[in-house]
Amino acid sequence: MQQHTTRRLAVLAALPAATLMFAGVASAAAAPAETGDAVSTMSCSHSHSNKDADHGYVDADWLKRRSGPHTSCEAWGQEPRGTKIYYHCYVITDGGDSWTWGRVAGTQKQGWFNDDYLSDGGSLEEC
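Residues numbered from 1 in each chain as written. Predicted model: local features only at pLDDT ≥ 70, side-chain atom pairs only at ≥ 80, totals over all residues. Heavy atoms only, no water.

Novice: Sorry, what's going on with the state of the cysteines here?
Specialist: Here a disulfide denotes one covalent bond, and it connects the sulfur atoms of two cysteines. A complete count under the given rule lists two disulfides for this structure. Across the disulfide, Cys-44 is cross-linked to Cys-73 (sulfur-sulfur distance 2.0 Å). The chirality of the disulfide connecting Cys-44 with Cys-73 is left-handed, given an S-S dihedral of about -100°. With Cys-44 in the loop between helix 2 (17-22) and strand 1 (55-57) and Cys-73 in the loop between strand 2 (62-66) and strand 3 (75-80), the pair connects residues that are 29 residues apart, well separated along the chain. You can call Cys-73 buried: its relative accessible area is 2%. Each sulfur in the disulfide pair Cys-89 and Cys-127 lies 2.0 Å from the other. Judged by the sign of its S-S torsion, about 85°, the cystine formed by Cys-89 and Cys-127 is right-handed. Of this pair, Cys-89 sits in strand 4 (residues 84-92) while Cys-127 sits in the segment after strand 6 (110-114), and the two are 38 residues apart along the sequence. Counting only the cysteines that take part in disulfides, in the order they occur along the chain, gives the pairing 1-2, 3-4. (Disulfide = S-S within 2.5 Å. Helix = DSSP H or I, 4+ residues; strand = E, 2+ residues; numbered from the N terminus. Buried < 20%, exposed > 50% of the residue type's maximum accessible area, 1.4 Å probe, protein only.)

Spelled out as structure tokens, the structure:
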């Protein structure tokens, strides 16, 4: 978790306040986000595109691949520890959770992965 938080904060610190508010993260210089500025925690539909050339690995015994960036979204399958995930982009939900859309290496299986369970905290490219 610490590696994930440190990595994401390093990227967010370099962004202008307006971008931070869009991501649902408030900085000291910005006002709190208005409702609708972040991805709804209950939304299982969110746009994504392949903006990232990075990858990471599943860092949990099993990690569910979901239809949307929330634990209430349908699980399309699960991947075991050490599975290589090619990152496409990430979102931060209004609950503060970070999710990466990615593809399982060597397959066409894609979905949302909770960044807390990816070896390096997930994608650094916002969807």
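Now that the structure has been shown, we can carry on.
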